[in-house]
Structures are given as C-alpha cells and as structure tokens.
Amino acid sequence: MCHIMKKLQSIPSNMLVCSVYFVMLQLMCGNACAADAATPPRTRNQVKSHTDPRQGSDSEKIPMRSENSRSQLTVERIFSADEFQEDRIGTIVWSKLGAGYFTLNGTTADRDGQVVLRVDAASGTEEIVVPASAFIPSGESKPLSVDGFAFSGDESRLLLYTNSQRVWRLNSRGDYWVLDIASRELKKLGGQASPSTLMFAKFSPDGSRVAYVRENNLYVQDLREMSIMALTTDGSAKLINGTADWVNEEELTIRDGYRWSPDGQSIAFWRFDTTGVEEFHLIDNTQGTYPRLTSFPYPKVGKTNSASRIGVITTAGGEARWLDLPGDPREHYLPQMEWAPDGGAILIQQMNRLQNVNRVMLWDVKTGAIRTMLTETDPAWLENENPVRWMNNGKSVVWLSERNGWRHAYRASAYGKGFFAITAGDFDVLTVESIDEAQGRLYFAASPDNPTQRYLYRVSLDGGKPERLSPASQPGWHTYDVSPDAIWAIHRCSTFTTPPVVELIRLDDHRVVRVLADNGKLRKKLAELDSPGVEFFRVDIGNGLLLDGWCLKPPSPDPSGKHPLLFHVYGEPHGQTVRDAWQGPRGLWHWMLAQQGYLVASVDNRGTNAPRGREWRKCIHRKIGIIAPEEQAAAAQALLKRWSFADSKRVGIWGWSGGGSMSLNALFRHPDLYHTAIAVAPNADQLLYDTIYQERYMGLPADNADGYRLGSPITHAKQLKGNLLLVHGTGDDNGHYQGTEMLINELIAHNKRFTVMPYPARSHAINEGNNTVPHFYSLLTNFLHAHLPVQKQD
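What counts and what doesn't
- Residues numbered from 1 in each chain as written.
- Predicted model: local features only at pLDDT ≥ 70, side-chain atom pairs only at ≥ 80, totals over all residues.
- Heavy atoms only, no water.
- Helix = DSSP H or I, 4+ residues; strand = E, 2+ residues; numbered from the N terminus.
- Buried < 20%, exposed > 50% of the residue type's maximum accessible area, 1.4 Å probe, protein only.
- Contact = heavy atoms within 4.5 Å.
- Salt bridge = Lys/Arg side-chain N within 4 Å of Asp/Glu carboxyl O.
- Expected span 1.5 Å × (residues − 1).
- Axes fitted to C-alpha atoms, helices over the stretch in contact; angles between N-to-C directions.
- Parallel < 35°, antiparallel > 145°, perpendicular 65-115°, else oblique.
- Left-handed = near helix turned anticlockwise from the far one by under 90°.
- Nonpolar A, V, L, I, M, F, W, Y, C, P; charged D, E, K, R; others polar.
- Phe/Tyr/Trp six-rings, centres within 6.5 Å; stacked < 30°, edge-to-face > 60°.
- Lys NZ or Arg CZ within 6 Å of the ring centre and 35° of its normal.
- Pairing = 2+ DSSP bridges.
- pLDDT = per-residue confidence, 0-100.
- Core = buried A, V, L, I, M, F, W, Y, C linked by side-chain atoms within 4.5 Å.

A. Spotlight on the side chain of N356. Turning to its location among the elements, N356 is positioned in the loop between β22 (345–352) and β23 (357–364). The buried category is assigned to N356, whose relative accessible area is 17%. Here N356 is in contact with E376, T377, D378, A380, W381 and L382, once residues within four sequence places are set aside.

So, in structure tokens, the structure goes:
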C-alpha cells in the first residue's frame, strides 16, 4: 500500500473525506493500492439461460482460463485508442426517385475530400453525384466539411449542413449551403447571418426555396434571387418560433419545430413562450478569469411551464393564424403536429400536464374549426410514441396503444369512424418500422418470446398472424432502416458478445444483397481476448415475479471460490439494460472488470421499458425510486443464494443518470446488502428535475408528496454505511449538479464519509474535454479496486 493511501486510511472513520484531492489521490495510487451468444428458444412461461459457447454447458460455474493466455483489456485500450472501434457506414439517405441510396464518402478513388455517392441497391454500383471539388466555395481552396445533407424532391439540389455547433444534446445549429448539382453552383444561405446560427433548414416541396430558423425566428429564402423573408420577427430569448425550449426538446423531442405545407404555400410551426418560467444557471469557471454564466428557462417539478401554441403563416408573409386549442397552453403539451397529405388540415396531439390523456385533433385550414379525431387515455401515463403515420391519403393513421394491456398497432379513422386492431396477442409492438400500403403490409419490431431481444415482423394491414422476417439463425438485436418504397432495408444485427453486422437486404424475403460492414477487424480483436463467461437468466424475486438479467463471469476463478459482485443498473422507464445487443465501449469495460475477477451483472426491474406488457411497465406509477430499489435488492439477494461463487460481503452497484439515482437508493436503503456504489449524474431529489419527465411518472408534488419524498435518495442519505463515489459534470443542463451538492450537504450533516468527483463544465454525458472519458473510467476502476477489491490469488 502506498504511503499516501496509508495516511488517508489513518483518518478516523467518522471524519468526512469528500474532496477532489482525495479522488485524485485514488487515481494516482489506484494501481499501487489494489491489485457468439447462443440463445435457445424461450417461451413466455419458461425462459432458459443462454451462455457464451466458450463457457460450457454449466452456467452456474465460473469458466476456467484457457491454457493459452489471451490479451487483457485496459481502460487505455478501450477508451484511448481506436483498437476496438466499430466499423461505421456513415449516413444513408434513401433516394425517392429510384432503387438506391446516397451516402457521404465511399470506396471511390476521389479521396481529396468528401464525396456524395449514389449507390444502386441491387448491383451496388457507385456513381459520384457530387465530387469533393464541388464543395469548395468560391474564393476558397479547401472543400467544406459536411456534417449532413438532404436532397430536394427532384434530387437536383443538395442542401449541405456545415460548421455545426452543439445545442444541448445535439449539434443542431450551423451553416447551410445549397448546391445545384448540374451547374455545380454553390451558395451559402442566411445572407449576413453570423456563423453557425441557422437551424433545421429544409427545402420547400418544389425545391425552389429553403426555410430555416435563426435566433428563434422563421425565415424563407428564395434560391433563385437569394432573397430572404422573415416570417416571424418577435423571436427573443423568451419567445421561441420554429424550435423548442429546453424541456420540450429534451422530453418531447421537439427540435425541428416547423412543417412545410404540401403545396409549399404555408408553414405550420410551434411557438413557446417561456415568460414566467424560472431560469436555471450553469456556471463555467474554466473559460477565463471570471465565470461564464449560461442561463435558460427550466421548469422544475410543480413549477410554471412555457406556453405552447401552433401557428400557420403563409410563405408570402403576413400575420400568423393561431390554432384555437382547448385548455391552458401552460398546462398542456403539443408533442406532435403534421399536415394532412392533401394540405386541408393539420393533425395535432395535445396532452394534459399529467400526460394521461392524449387528444388527437384535426384543424381545418379553411375554416379554422377543430374536431377531435380520437382520445387516448391511460390511468397511469402515456408516452410520446405516436409520430403521425398517415394512411389512405390522410383518411386514417397507424396508432400505437396499450389499451388492451399490450402495446399494439391500430388503424384509426381520421373521421372518428373506426379503430381497428392490426396486431393482437400477448406481446408488445416495439416500433412501427414501415407501412407498405402498396402491398397492404405493416412492418414492426417485436420479440414475443424473449424481451431481451428484438426482431422484425410483418402483418397484413387488415390484421392476422404476424410473420417473423429476422432469421431464426440470428438470435439477438435487429434494427432496420427501411426504404420509402419498403423494398430495401439497412439491417443491423448484433448480440451481447458480437458487434454489429450491417447489410443491405430485400425486405420482402430478408435476403441479404451485400454486407456493408462486418466488423471483422473488431471480431478478430475480440477473439484474442481472455473472454468472460456470459449468462442471460431470469431470477425469481418472490410471488412468481421473474426479472431478466445478464452476468459476466471471470475467465479465471478465485481459488477461494468467492468473487465481488457488481451490478450495473438503470431501472427507470426510459432504459433497458438487459438486452442481447452489443454494448460498445462500456460493455468492454464490464468485460475488463470480469477479466480482473469481478462478477458483473445487470437486472431489469419492473418499470423499465422492456416489452413485457403494460402492467410490467406502469405498475411503478407514482412510485419512481420506491418499487425499483426493492426489486433490485431482492434480485441481488436471490442471486447471492444461487451463485456460491459470489461474495455477499463484496456487493457493489453503479449507474448513470436514473441509474445513478438507483445506485444511491440501493446503497442508502439497503446498507447491509450493498457495500459500494458509484452514482454518476444522479438526481438526488426528484423535485429538482423537469416537469414533463418527472410529473409523467410521479404526478404533481402537491398530490404525491410522500411519493416524491420516499423515492428521492436524499431522504435516505443518513443511512449510508458503505463506500460512495459521486460523479457529476458541473455543466450538466439535464440532471443538475445542484442535486449532488444538496446531497453532499445532507451527507455532511449526518457526518458521513464519501468521495466526490466533479467534472468542471462537463455535460450529462461527461465526454467533453481532453482525456475526459479515459479519466472517468480510470476513476471508476480505481474506486472499485480500492473499495470492492478482488481477493489476491496465490
């Protein structure tokens, strides 16, 4: 043991140690101070384990290390190098005029810069549509660096997105250029606009104009004259046109906040008035001598929301027409809005503040009259899972509903004359992948027999028995990007132990046309590793309740027969950790821990978004942070009884965001079960989070005060006994560092010892800045080595 850590251990146990200094000492001394999934068929009532083939048939035993020692993973190999990088195929844009797609870059000889290729789907023949030289602006010598692109409807013009800047989670602000493909004329949009201030530029239906948002106002620019018309002029820091405020962007995914009418003569748009919404302030102390303050409206639980409206304005200018929607605009949300295909109406979805009623309305463009098309209700809550999916030229929509206990697809009449079930049975539709009206088919994702997996199914739009298209020979996680004509698809397939294979398929029979990326180099690297054993399982936590889980087991057993057990958790409605899908770098970090002697496991409690039925997901209504920690603890106790090789005195848990909150609740509420926890970007007090997310699942604090109190980790902080590491970015706009500071104060008040690592000015992702990600995982690794150690072997 190094002398610094000896001095730290000499500090009395009742003395607080919570400084960055202590964390850095751990990082410096950490090393000195510590030493293809094969899935059998499952039925709903009997779910068998599946194991890595190298593990052998007995899933209850630790696999022995191969006599030929394989290479070991390290934080540096995983996060600092490109050694385990996945193959990427880049952006795919399907052609609407032919059987093919466009992509940026490719395999041609034009390597002086980026090129746009047209790829024939059937033959794979590539044609350069735009050479790199066409991306060079007049008077410049270097081509633009293109972040994204889109074609006009006739594919004669190309809209280029460059110089993009981050706005909260995504790079949604930048510069836009238009390229005439035939003449190679390249023009920058925005006139004298400052760099990187344009957002969400889109061609008009006829391709003659482009609309965009700049500084919270809507503009239309003519591409022949390059003249610009401001459609709105009242945009400000508090009045937002054509995009959204923080909470509507984050929780309802409203970013591109306007829609061209089918005839190109009008634009419908969202407006958010944040007047009266209290501001949150992020302080960045790293940019200079004085702090930099970022302030933005952020409605916390129970507080005032922005007022949301939808307006329609002609592209010739003039006053906007505002839709006269029922109810208080600050007490309702407008998650979806689209024009009808004939342009005669606009469909609007309006949710109440509790988000348990979704009223779908049609606004008549000529008369301004509004009529209700359908109303979806749920005693608990409704998710924003119904983007507008028109059928029959606007006479009906495809609608997802859990009204019969499972999430199924329905055909809803636009005139309120029928609501017809397309899918049925004891399974959940995960997503609608494509509607093929020409062939009368609906393509959807589901996994009736195994909620940890995902497959493609097809069913008649008139209903009937679904047909699985994903091959039975490829168990795992399948995703699809389907062409507009539903003839082709980009298919990605992975498992927990194998990285994705990306291929172009014919959708009708799932026949592979060609492989686009097979990750062969990565697979070879993985084959060289001393791989952990892998087990998927179900654990009975009592009353017949079975939870899904996975476990990574050390390749080399401890002679003592005992290994520390680390759980990875999320546990809230917007996450599912137990998936038979490639986990990426974080999954490799779990592999690394297993190589070092840890058992690493994850269990999905009820309330996660696994496809196990409405009751499974919504039984936690008004009880976030209450039911889930109990089920996680019950699962841990059951697994400790099942696994004789797991050490009940060395049990840890870690998670991020909601998983960070879950880790705190686990350690505080079950101090005799969990000995160590790492909570990354947690929400220590649910009252500090935003209105849309937290109220959806918990209700209003005035009506559920006990639920908010009991579900918040800060309430139970006084029960801390074990080892706690708090990690948070001080620039987190989502789950604010404020909550962690309040938790720190509560722990101090109760004289608790813990460790905290603030990452200055980092966001919720904690990935900004030089070396941040390797540093982060080194921090976590060394904390586990120090406080959840693997026993040394002789």
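B. Quick look at the pattern of salt bridges. With the rule as written, the count across this model stands at 40 salt bridges. Of the charged contacts in the structure, one is a salt bridge between R88 and E86, with a shortest N-O distance of 3.9 Å. Residue classification places R88 among the exposed positions, given a relative accessible area of 68%. In this structure, R271 engages D234 in a salt bridge whose closest nitrogen and oxygen atoms are separated by 2.6 Å.

C. Quick peek at helix α8 (residues 627–642). Here α8 contains 16 residues, and its C-alpha end-to-end distance of 23 Å stays within 8% of the 22 Å for a straight helix at 1.5 Å per residue. Burial of α8 is extensive: twelve of the 16 residues sit out of reach of the surface. Among the residues of α8, I627, A628, P629, E631, Q632, A633, A634, A635, A636, A638, L639 and L640 are the ones counted as buried.

D. Focus on the packing of α8 against helix α9 (residues 658–669). Remark: α8 packs on α9, axes separated minimally by 9 Å, with the N-to-C direction vectors making an angle of 65°. What the angle tells us is that α8 and α9 run roughly perpendicular. In the packing of α8 onto α9, the handedness of the crossing is right-handed. Counting all contacts with α8, which are made through A628, P629 and E630, the residues of α9 involved are M662, N665 and R669. The residue inventory of the contact of α8 with α9, partitioned by class, reads three nonpolar, one polar and two charged.

E. Region of interest: the packing of aromatic side chains. All told, the structure shown has 28 aromatic pairs when counted by the stated rule. When the ring of F296 is compared with that of Y298, the centres are 6.2 Å apart and the planes differ by 80°; the resulting orientation is edge-to-face. With a centroid separation of 5.3 Å and 85° between ring planes, the pair formed by F496 and F536 is classed as edge-to-face. With F496 in the loop between β34 (488–494) and β35 (501–506) and F536 in strand β37 (residues 533–540), this residue pair connects regions lying 40 residues apart in the sequence. F536 matches F496 in its accessibility class, with the two residues each being buried. Taken together, the aromatic side chains of F79, W589, W654, W656, Y759, F776 and Y777 make up a single cluster linked through ring pairs. One cation-aromatic arrangement involves R468 over Y455; the distance from NZ or CZ to the ring centre is 3.6 Å. A cation sits over an aromatic face here: R579 above W477, 4.5 Å from the ring centre.

F. Structural view of the sheet that holds strand β4 (residues 116–120). Pairing is antiparallel in the open sheet, where four strands are placed in the order β2-β3-β4-β5. The open sheet is flanked by β2 (92–94) and β5 (126–130), the only strands paired with a single partner. Averaged over all neighbouring strand pairs, the angle between strand axes comes to 30°, with direction disregarded. Pairing between β4 and β5: four bridges, direction antiparallel. Directly across from L117, in β5, lies its bridge partner I128.

G. Expanded view of the confidence of the model for the protein. Looking at the protein, the pLDDT average stands at 91 and 90% of residues meet or exceed 70. In this model, residues 1–60 is a region of pLDDT below 50 whose contacts with residues beyond four sequence positions or in other chains number 120 contacts.

H. A look at the sheet that holds β22. Spatially, four strands are ordered β21-β22-β23-β24 in an open sheet, and the strand pairing comes out antiparallel. Sheet topology places β21 (332–339) and β24 (370–377) at the edges, where each strand pairs with a single neighbour. Each neighbouring strand pair of the sheet contributes to a mean axis angle of 20°, computed without reference to strand direction.

I. Inspection of unusual backbone geometry at higher detail. The phi torsion at R184 lies on the positive side, around 65°, for a residue other than glycine. Mapped onto the elements of the fold, R184 is located in the loop between β8 (170–180) and β9 (186–188). With a phi angle near 55°, N543 is a residue other than glycine that sits in the positive phi range. Residue placement: N543 occurs in the loop between β37 and β38 (546–553). Since its relative accessible area comes to 87%, N543 is described here as exposed.

J. Spatial organisation of the pairing of strand β10 (residues 198–203). Burial analysis of β10 places five of its six residues in the buried class, the great majority of the element. Inspection of the sheet shows β10 paired to strand β11 (residues 209–214) by four bridges, in the antiparallel sense. In the strand pairing of β11, K202 is matched with A211. In sequence, β10 turns back onto β11 through a hairpin of five residues, with G207 there showing a positive phi of about 75°.

K. Molecular detail of the nonpolar core. Counting residues in hydrophobic clusters, the biggest one holds 48 residues, and the most contacted among them are F567, Y674, L724 and L726. If you tally residues by element for this core, the top one is α8, at eight residues.

L. Geometry of the pairing of β38. Of all eight residues in β38, seven are buried; the element is thus mostly enclosed. Bridge count for β37 against β38 is eight bridges, and the pairing is antiparallel. Residue R538 lies in a different strand from β38, and its bridge partner there is D548. If you look at the hairpin formed by β37 and β38, you'll find five residues sitting between the two strands, and G542 has a positive phi there, around 105°. Alignment of β38 against strand β40 (residues 599–604), held across five bridges, turns out to be antiparallel. Within β40, the residue paired with L552 across the bridge is V600.

M. Just the environment of A345, in detail. Locating A345 in the fold gives a position in strand β22. Given a relative accessible area of 15%, A345 falls into the buried group. Distance from A345 to S261, taken between C-alpha atoms, is 9.7 Å for residues 84 residues apart in sequence. For A345, the contacting residues outside a window of four places in its chain are E338, W339, A340, L362, W363 and V365.

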